[in-house]
Amino acid sequence: MRIRGVVASAVALWALALSLSVRALPGTVAIPQPPAEAPAAAQPTLTNTDCFDCHDDDSAARADGRSVTVKPAAVEQSIHASMDCVDCHQDLATAELPHAETLKKVDCAGCHGDADELFKVSAHAKARADGSLVAASCVDCHGTHDIRPKTDPESKTHHLNVAATCAACHGNAEIIAKGHMPRDMTQAFADSIHGRVLNKSGLMVAPTCSNCHGAHDIRPPKDPESRVGMGNVASTCGTCHEGIARQFKGGVHAAVLETGATNAPACQTCHTSHSVQRSESRGWQLSVINQCGTCHAERMSTFRDTFHGQVSTLGSRSAAGCADCHGAHEILPATDPRSPIAPANLVATCGKCHENANANFVKFDPHANKHDRARNPALYYTSKFMIVLLFGVFAAFGLHTVLWLGKEARLKRERRGKPAAR
């Protein structure tokens, strides 16, 4: 075994020596390798300095007179300060100066894909797709070179500035006409409780346009997915008014809306959409009674016939209105034991105004109908008797007046026929 190891080592050493000797033979020519290709010279890329050399000039403008001035300070204070101009204007990355006057539109979706997907289903995007030239795009709400984060008080999308940003279009009569938009709602919002708390008190908890309508995926109210659609508005308002939303969802109106029907009232039906007022104000409390009558016309007619209704019509809040008896948000049928108008609860409900209310007192019918004989027979016949009595009185006085006038005429003729006394 030792001899075999020695022989193997010797063979290996001989092979190594032979290979070295071959490489060292004179006249051996190495095969040349092709030289590596030199890297292509990179095309020059425009820098921000190159752009500002022209665009920092206040007189910079297009042929149509539109200003193209861009101040470095505005860009440096924007959320895109760390980016280069060509990151957005990509068609200028390798362009020569001066570049073409008309550039490709900046595609915000390259970075903001999620927001772009939401925007595609919005009313703004659909209007633009239909050819509208006034529908809002990214720059209309966020700006162009001076875009700031929404947490910046100077940002167009800061909570306190959103209403003014939306008003630039929705408060412009010319744009409203061109875009076939709903009427100007901006002043109504400014005068509402939401607008006053937002603008005059500066409270960040007050809702602004985007809280109700959304930011990028704004949809028209008739869209089932809209945040302000009839089926969704209670949840939208509930983001702030959570307790009230919970009450509303337990009532009969919400139960109808949950079936997909749109003929039941939601928040904006009673409170309106933009001109929301304080519910404690007497004016609103009187006006909301009429809102109930838009659906419950017959009930409203019978209510107006009662003392409660007549006093309310005169502008007084001393008498009970609809919400005082039926509740405001969690409205339930009389058959529900939780309802304020359930038979077992009537004494307590009436007792809120009438301290001495008892079982006999609550027999009063607040919706008595003098035309419904089956429901109110005594009232029906009393009404008929009063009508007959009224006509009878007028007929009697009319007949009396006619007879009296006849007598007076006869007496005048007799006096004229007698000779004068000497």
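Residues numbered from 1 in each chain as written. Predicted model: local features only at pLDDT ≥ 70, side-chain atom pairs only at ≥ 80, totals over all residues. Heavy atoms only, no water.

**Notes on the overall build of the chain**
In terms of helices and strands, the chain carries 22 helices and zero strands. Expressed as a percentage of the 422 residues in the chain, the buried residues total 22%. Counting contacts in the chain only where the partners sit at least 6 residues apart, residues at least 24 apart contribute 42% of the total. A total of about 29,600 Å² of accessible surface is found on the chain, and carbon and sulfur atoms cover 60% of it. (Helix = DSSP H or I, 4+ residues; strand = E, 2+ residues; numbered from the N terminus. Buried < 20%, exposed > 50% of the residue type's maximum accessible area, 1.4 Å probe, protein only. Contact = heavy atoms within 4.5 Å. Areas by Shrake-Rupley, 256 points an atom, 1.4 Å probe, with all protein chains shown as cover.)

**Thoughts on a nonpolar patch on the surface**
A contiguous nonpolar patch, built from F385, M386, L389, V393 and F397 and spanning about 500 Å² of accessible area, is present on the exposed surface. Its location among the elements puts V393 in helix α22 (residues 377-417). (Patch = residues over 30% accessible without salt bridge, like charges linked within 9 Å, V, L, I, M, F, W, Y side chains within 5 Å. Salt bridge = Lys/Arg side-chain N within 4 Å of Asp/Glu carboxyl O.)

**Focus on unusual backbone geometry**
The omega torsion across L97 and P98 is -5°, close enough to zero to call that bond cis. Positioned with a positive phi, H180 is a non-glycine residue whose angle comes to about 50°. Despite not being glycine, T272 has its phi angle at roughly 70°, a positive value. For T272, a relative accessible area of 31% puts it in the partly exposed group.

**A look at the nonpolar core**
Membership of the largest hydrophobic core is limited to seven residues, which are V233, A234, F248, A254, L257, A264 and A266. Within the residue set of this core, elements represented by two or more residues are α13 (233-238) and α15 (252-257). Beyond its immediate chain neighbours, meaning those up to four positions away, F248 contacts A234, H253, A254, L257, P265, A266 and H329. (Core = buried A, V, L, I, M, F, W, Y, C linked by side-chain atoms within 4.5 Å.)

**Regarding the pattern of salt bridges**
Here the idea is simple: oppositely charged side chains can pair when their charged atoms come close. Tallied over the full model, the rule gives 14 salt bridges. Where E117 meets K120, a salt bridge forms, and the shortest distance between an N and an O atom there is 3.2 Å. Of this pair, E117 and K120 both sit in helix α5 (residues 113-120), separated by three residues, roughly a single helical turn. A salt bridge links E330 to R338; the shortest N-O distance between them is 3.8 Å. By sharing partners, the salt bridges in this structure join D56, D58 and K71 into a single network.

**Observations regarding the confidence of the model for the chain**
Residues with a pLDDT of 70 or more make up 88% of the chain, whose mean pLDDT is 87. Ranking the elements of the chain by mean pLDDT puts helix α1 (residues 2-23) last with 49 and helix α12 (residues 209-213) first with 96. Across residues 20-32, confidence stays below pLDDT 50; counting only partners more than four residues off in sequence or on other chains, it has one contact. (pLDDT = per-residue confidence, 0-100.)

**Looking at the packing of aromatic side chains**
Following the criterion strictly, the structure yields one aromatic pair and no others. Ring geometry for Y380 against Y381: centres 5.2 Å apart, planes inclined by 80°, an arrangement best described as edge-to-face. On the basis of relative accessibility, which here comes to 48%, the residue Y381 falls in the partly exposed class. (Phe/Tyr/Trp six-rings, centres within 6.5 Å; stacked < 30°, edge-to-face > 60°.)

**Here's the deal with the packing of helix α17 (residues 282-293) against helix α18 (residues 297-305)**
As a packed pair, α17 and α18 sit with axes 7 Å apart at the nearest point and diverge in direction by 135°. Taken together, the axis directions place α17 and α18 in an arrangement best described as oblique. When α17 is examined against α18, the residues I289, N290, C292 and G293 are found in contact with a partner set consisting of A297, M300, F303 and R304. A per-class count over the contact of α17 with α18 returns five nonpolar, two polar and one charged. (Axes fitted to C-alpha atoms, helices over the stretch in contact; angles between N-to-C directions. Parallel < 35°, antiparallel > 145°, perpendicular 65-115°, else oblique. Nonpolar A, V, L, I, M, F, W, Y, C, P; charged D, E, K, R; others polar.)

**Things to note about a positive patch on the surface**
Residues K412, R413, R415 and R416 make up a contiguous surface patch of positive charge. With respect to the secondary-structure elements, R415 resides in helix α22. (Lys, Arg positive; Asp, Glu negative; His and termini not counted. Charge placed at Lys NZ, Arg CZ, Asp CG, Glu CD.)

**Remarks on the environment of E298**
With respect to the helices and strands, E298 occurs in helix α18. Given a relative accessible area of 58%, E298 falls into the exposed group. Each C-alpha atom, one on E298 and one on N369, is 9.3 Å from the other, the two residues being 71 residues apart in sequence.

**Looking at the state of the cysteines**
A complete count under the given rule lists zero disulfides for this structure. Sulfur of C111: no disulfide; nearest cysteine sulfur belongs to C88 and is 6.7 Å away. Look at C111 and you get exposed, because its relative accessible area is 63%. The closest cysteine sulfur to the non-disulfide-bonded C350 is located on C325, 6.3 Å from its own sulfur. (Disulfide = S-S within 2.5 Å.)

**Focus on the environment of W284**
By the secondary structure assignment, W284 is in helix α17. Put simply, W284 and H271 are 13 residues apart on the chain and 8.6 Å apart in space, counted from C-alpha to C-alpha. Residues contacting W284, with those up to four places away along its chain left out, are C270, H271, Q277, R278 and S279.

**Details of the environment of H308**
Among the secondary structure elements, H308 is positioned in helix α19 (residues 307-313). In this structure H308 comes out as buried when scored by relative accessible area, which is 14%. Separated by 13 residues in sequence, H308 and G321 place their C-alpha atoms 7.1 Å apart. When neighbours within four sequence positions are excluded, H308 is seen to be in contact with F303, A319, A320, H354 and F364.

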